[in-house]
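Architecture and fold: a report
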Amino acid sequence: MELLTNQILAGIATGAIYACMALAVVMIYQAIDHLNFAQGEMAMFSTFVAWQLMQWGVPYWGAFIITLAFSFAGGVVIERALFKPLAKAPILTHVAGFIALYAIINSVAGLTWDFTIKQFPSPFGSSPFLGSQLISTHQAGMIGVTLVLLVLLYLFFQYTRIGLAMRAAATMPESARLVGINTSWMIALGWGMAAAIGSIAGMLIAPVVFLEPNMMGGVLIYGFAAAVLGGLTSPFGAVVGGFLVGIFENLAGTYIPGVGNELKLPIALALIITVLVVKPNGLFGRAIVKRV
Amino acid sequence: MSAAEDVATDHAAVAAVPKKALALGPAASLVILLLLIATPLFVKNFIIFQMTMWLIYAIAVLALNILTGGSGQFSLGQSAFYALGAYTSAILMEHFNVNYVLTLPVSGAVCFLAGYLFGKPALRLSGIYLALATFALATAMPQLLKLGVFEHWTGGVQGLVVTKPDAPFALPMSQDMWLYYFTLAISIGIYLASVNLLRSRSGRAMMAIRDNEIAASAMGVDVALYKTLAFGVSAGITGVAGGLGAIAVQFVAPDGYTITLAIALFLGMVVGGVGWLPGSLAGSAFIVFVPNIAEGISKGLSGAVFGIILIVIIFVVPHGARQVAYGAQHLIGKLRRN
Amino acid sequence: MLSGRQLRLAALSAAALAYAATTSGALAQKKYDTGASDTEIRIGNIMPYSGPASAYGVIGKTEEAYFKMVNDAGGINGRKITFISYDDGYSPPKAVEQVRKLVESDEVLAVFNPLGTPSNTAIQKYLNGKKVPQLFVATGATKWNDPKNFPWTIGWQPSYQSEGQIYAKWLMKEKPNARIAVLYQNDDFGKDYLKGLKDGLGARAATMVIAEESYEVSEPTVDSHIVKLKSLDPDVVLSVTTPKFAAQTIKKIAELSWQPLQIVVNVSLSIGSVMKPAGFEASQGVLTAAYAKDGADPRWDDDPGMKKWTAFLDKYMPGADRTNSNLVYGYGAAQTLVKVLEMCGDDLTRANVMKQAASLKDFVPDTMLPGVKLNTSESDFAPISQLQMQRFKGEKWEPFGEIISGEVNTN
């Protein structure tokens, strides 16, 4: 029984990582109706920028704010320079663009900061949380920040005009334009916000997994999986999805004999696909009605 | 959460390709064929080896083109079928001493079955969800290949070394040259069969599904059958490519069949022009040769150079090599008129 | 008409002259295979400069810089080294392509220090078939020491199995009743170590090894594996991990306020890449086995060998991260190759290169721990098979005990 609780708690701790990333994924999906494969790399790059600032003597929160602003601006610039010109190109070409972006950012990060792992500080420290040795204060902090971000995102999309405009621009661009929404800038804004959220995710994840150019590779796929499980239109779903994936993965690894450990990721993904077959829009997503 | 449902007009995820664009004109085809046949006689064995790999990946890209360009199903999981085909051939050759030629149809059949079986549950998924499912398949495959239970057959993480065949009937050519012509013959066969498939009723049914699934279903097309068939055919062809790959490289290991391969095949399809079968050659050339070019330009930034070249290509020709071919055709047409 | 005596003198001188001519002719006779000439020796290499193992790419860069240093000092017996290194992205098919390019297009004399077990397995048959030396491969897989079946392949670093056996020997002596949990990377690297450990424990492996927990390189963190291991209550944890995961392991164990005896494998003993990020406090008491000196360890500041290493970095790799153990590795391997090529003299055939590589006697590169010597013979293709245990204390490694030999043959 104790092992079960321990694994669930550990699963929640890893799940917080996935939930963070999943929020960024949902954000970009809300903006452009697609997933950006380079999301993880952008988050990693932002984290390196923060690290570099701290190496130059900037205190943590200063570096945090500057990185946030830098990431937002970076997201907007990438969208304007790279993806706006491709607006009329087929979707698959966009995906190729994401992949190209991934390759470029990963390579540049590798050259600039090399591949040795680096320590990244946590504003929450890493002592045991509430006496529990399984969750450190940092991991508790990570869960807390994720929940705060979640609430902020929910409020943004539900109750602000810009949030509504962004959703409209993503799902029904022609109608949105007719109503006077500048869909082009909505997309840029979405990219900026996604990049900023991604950078927060990166800065929260790095203290746990250690900072290096390939740090987000594994995390991104879990983030996608969590977002899809929870429903790509629901930030709440993304967070729940993240925790569920983390917990399920751990339990599968611990209790499925023989292959459970080696097939953790495929089993987690298989679970998600099973859920999708039953609930095609994820646990909390909204059904999209397609017009013929 | 609002109670209203989101309503979205569903644009076709994959743009339709006009039927006559499925193949090259006869003149261009002949020129390319002659080049493919003649070149190996003048170059070193190493170049012949590279050309063989180029053809093998072209077959795999072609398979993906049938699946995505033909039936509109997005797949990031082709590397799984490639691996399955490669290992099937390798295991048959090394453990059961089967002749290499006979292993290819077996690989194809095994992968066809695997693709068909995967296509069934995948019926309910589309777009991003299907992408995730295929991605899951691609990440699962190296793990499955490493599993202890299969280690006796697969060699586990160590992989299997495969023996390269000699030219038959003591023909005076090197192993590489023989393998190249063997691969070329198979590629041509698969290409012709694929073009035929897409022009046939089944092909039209698939393309109808691609353009608008609901409308196709309303018109009486058996969507389930054709979608799973498309998966099966695509997987089968990829399996044959995998088998050839195993023979050419003389080695199979889980590390050679990661998601990176699936992504590379996807890029090959996009660069070649989605749905345009001859583009598979161009796309394959991109994924085989451009990384080497990028490495030549800058070893430290080879990934970045590769990414930049890719971006330039999709900026200039978003529809890939198909756009270039059309442009050339247009130009020639104009010059002829003047 | 010459007198008899004059004739005899002439004959003698002629004979002497002829004798001198032939012997010095034999000495002055140069023998080359493809890739070697009066002015040049072409050496090929493949490294993962991109992809999941790109952290090791710096080894190739270090070797390139080392050969430049050698060339600047006049080369080897007057010949300059042309070092051609290609990226294989840690993918076996790519490795095959690149090695064929090196042999058939770039026409190198030998392939030196190719990295990665899958890549080396892929190219081994080809290189042996073409009789091209596969020198000092950059992987510790035990199977490279097989001169009977693969006479053209020779390893360099201590094999993983021999290291595992050394840990087994030490544990049986110091902690005979230990409950050992092994966390290992699920690939040939991890499995090789595991085998070495279990072989070394022999019949006792069944009772001593209470857990074998594998993880995948694609996992973001191994924290949940550590949690699982803790619940089984072992008193020794053998961490068969690469640097990132080794650091995560040390950190998590400390966070759990758990204090088993931790052994971390040689691949992850770099202070800068592992102990420092994990936290010095968390790393106290961790054990490992080493064959080379750590560049970040101030104890070697006055060591003549390391002083050469530092001078080399200052001039040829300024700005390089001294705490990166790959820099030490690359230097040591390159120095070994240069020694072998020197030993070849003017006979630069591939056969002779292998012969010299198999004739190393007590060769000590600048970077080896005192007491570690490289030895090879016709039946022993494992140049380094000695290790010394070290304990992490304060901010550096403290060697203890003697140099232990771990000989493992595949035959």
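Note that the structure is predicted; figures quoted are calculated from it, not measured.

Criteria and thresholds
Residues numbered from 1 in each chain as written. Chains lettered and ligands numbered in written order. Predicted model: local features only at pLDDT ≥ 70, side-chain atom pairs only at ≥ 80, totals over all residues. Heavy atoms only, no water. Helix = DSSP H or I, 4+ residues; strand = E, 2+ residues; numbered from the N terminus. Buried < 20%, exposed > 50% of the residue type's maximum accessible area, 1.4 Å probe, protein only. Contact = heavy atoms within 4.5 Å. Areas by Shrake-Rupley, 256 points an atom, 1.4 Å probe, with all protein chains shown as cover. Polar contact = N/O pair within 3.5 Å; in protein donor to acceptor, adjacent residues only side chain to side chain. Pairing = 2+ DSSP bridges. Right-handed = clockwise from strand over helix to strand, strands pointing away. Domains from an automatic or database assignment. Buried area = accessible area lost by both parts, 1.4 Å probe. Salt bridge = Lys/Arg side-chain N within 4 Å of Asp/Glu carboxyl O. Nonpolar A, V, L, I, M, F, W, Y, C, P; charged D, E, K, R; others polar. pLDDT = per-residue confidence, 0-100. Axes fitted to C-alpha atoms, helices over the stretch in contact; angles between N-to-C directions. Parallel < 35°, antiparallel > 145°, perpendicular 65-115°, else oblique. Left-handed = near helix turned anticlockwise from the far one by under 90°.

Re the overall build of chain C
When its secondary structure is counted, chain C shows 13 helices and 13 strands. Its C-alpha atoms give chain C principal-axis dimensions of roughly 105 × 45 × 40 Å. Looking at chain C residue by residue over its 411 residues, the buried ones come to 61%. Sequence separation of at least 24 residues holds for 69% of the intrachain contacts in chain C that already meet a minimum separation of 6. As presented, chain C carries roughly 15,300 Å² of accessible surface, and 53% of it is formed by carbon and sulfur atoms.

Considerations on unusual backbone geometry
One non-glycine residue with positive phi stands out, namely N97 of chain B, at about 55°. Structurally, N97 of chain B is set in the loop between helix 3 (78-96) and helix 4 (100-122). Its identity is not glycine, yet Y90 of chain C carries a phi of approximately 60°, on the positive side. Relative to the helices and strands, Y90 of chain C resides in the loop between strand 3 (80-87) and helix 3 (92-105). Note on Y90 of chain C: relative accessible area 19%, which makes it buried.

With respect to the side chain of T228 of chain B
Residues and elements named next belong to chain B. In this structure, T228 sits in helix 10 (residues 223-249). From its side chain, T228 meets the backbone oxygen of A224 in a polar contact 2.7 Å long. A distance of 3.0 Å separates a polar atom in the side chain of T228 from the backbone oxygen of L225. With near-sequence residues (within four places) excluded, T228 lies in contact with Y116, G119, K120 and L123.

Observations concerning the pairing of strand 9 (residues 261-264) of chain C
Strand residues, when the strand is regular, have side chains that alternate between the two faces of the sheet. Residue and element names in this part refer to chain C. Residues L261 and I263 point to one face of strand 9 and Q262 and V264 to the other, with burial holding for every one of them. Pairing of strand 8 (residues 236-240) with strand 9, which is carried by four bridges, proceeds in the parallel orientation. Across the sheet, S239 pairs through a bridge with V264, a residue of strand 9. For the crossover from strand 8 across helix 9 (residues 243-255) to strand 9, the handedness is right-handed.

Thoughts on the domain arrangement of chain C
Residue and element names in this part refer to chain C. The domain architecture assigned to chain C consists of domain 1 (30-158 + 300-380) and domain 2 (160-290). Taking only C-alpha atoms, the centre of domain 1 and the centre of domain 2 are 29 Å apart. Listed as interface residues are 13 residues of domain 1 and, on the opposing side, 12 residues of domain 2. Between domain 1 and domain 2, a total of about 900 Å² is buried, with carbon and sulfur atoms accounting for 46% of that surface. A per-residue breakdown of the area domain 1 buries against domain 2 is headed by T142, P158 and T323, which together make up 36% of the total. Viewed at the interface, domain 2 and domain 1 are joined by zero salt bridges. In this assembly, domain 1 and domain 2 are joined by four residue pairs in polar contact (both at pLDDT 80 or more). The residue inventory of the side of domain 1 that touches domain 2, partitioned by class, reads five nonpolar, eight polar and no charged.

So, the confidence of the model for chain C
Parts of the prediction with low pLDDT should not have their coordinates interpreted in detail. All names here are of chain C. Summarising the model, chain C shows a mean pLDDT of 88, and 93% of its residues fall at 70 or more. Across chain C, the element-wise mean pLDDT spans from 58 in helix 1 (residues 4-28) up to 96 in strand 4 (residues 110-112). Two numbers describe this predicted complex: its pTM, 0.88, and its ipTM, 0.87.

Considerations on the packing of helix 4 (residues 91-113) of chain A against helix 13 (residues 302-316) of chain B
Axis separation between helix 4 of chain A and helix 13 of chain B bottoms out at 7 Å; the angle between their running directions is 155°. Taken together, the axes of helix 4 of chain A and helix 13 of chain B lie roughly antiparallel to each other. Taken as a pair, helix 4 of chain A and helix 13 of chain B cross one another with a handedness that is left-handed. Along its contact with helix 4 of chain A, which presents T93, A96, G97, A100, A103, I104, S107 and V108 of chain A, the element helix 13 of chain B presents S302, G303, A304, G307, I308, L310, I311 and I314 of chain B. Split by residue class, the contact of helix 4 of chain A with helix 13 of chain B holds 10 nonpolar, six polar and no charged.

So, the sheet that holds strand 5 (residues 134-135) of chain C
All names here are of chain C. In spatial order, the strands read 3-2-4-5; together these four strands make up an open sheet with parallel pairing. A strand with exactly one partner marks an edge of an open sheet, and here the two such strands are strand 3 and strand 5. As paired elements, strand 2 (residues 40-47) and strand 4 share two bridges and run parallel to each other. Each bridged residue has a counterpart across the sheet, and for I43 the counterpart in strand 4 is A110.

Some points on the confidence of the model for chain B
In the predicted model, chain B carries a mean pLDDT of 85, and 93% of its residues have values of at least 70. Low pLDDT, under 50, characterises residues 1-12 of chain B; the predicted model gives this stretch 27 contacts beyond four residues in sequence or across chains.

Remarks on the pattern of salt bridges
One pass over the full model with this rule turns up 24 salt bridges over all chains. Notably, a salt bridge pairs D211 of chain B with R210 of chain B, separated by 3.1 Å at the nearest N-O pair. According to the relative accessible area criterion, D211 of chain B is partly exposed, its value standing at 34%. For R210 of chain B, a relative accessible area of 8% gives the class buried. With its nearest N and O atoms 3.9 Å apart, the salt bridge here joins D347 of chain C to K31 of chain C. Here K31 of chain C lies in strand 1 (residues 31-32) and D347 of chain C lies in strand 11 (residues 347-348), a separation of 316 residues in the sequence. The network of salt bridges with shared partners includes K164 and D176 of chain B together with R100 and E104 of chain C.

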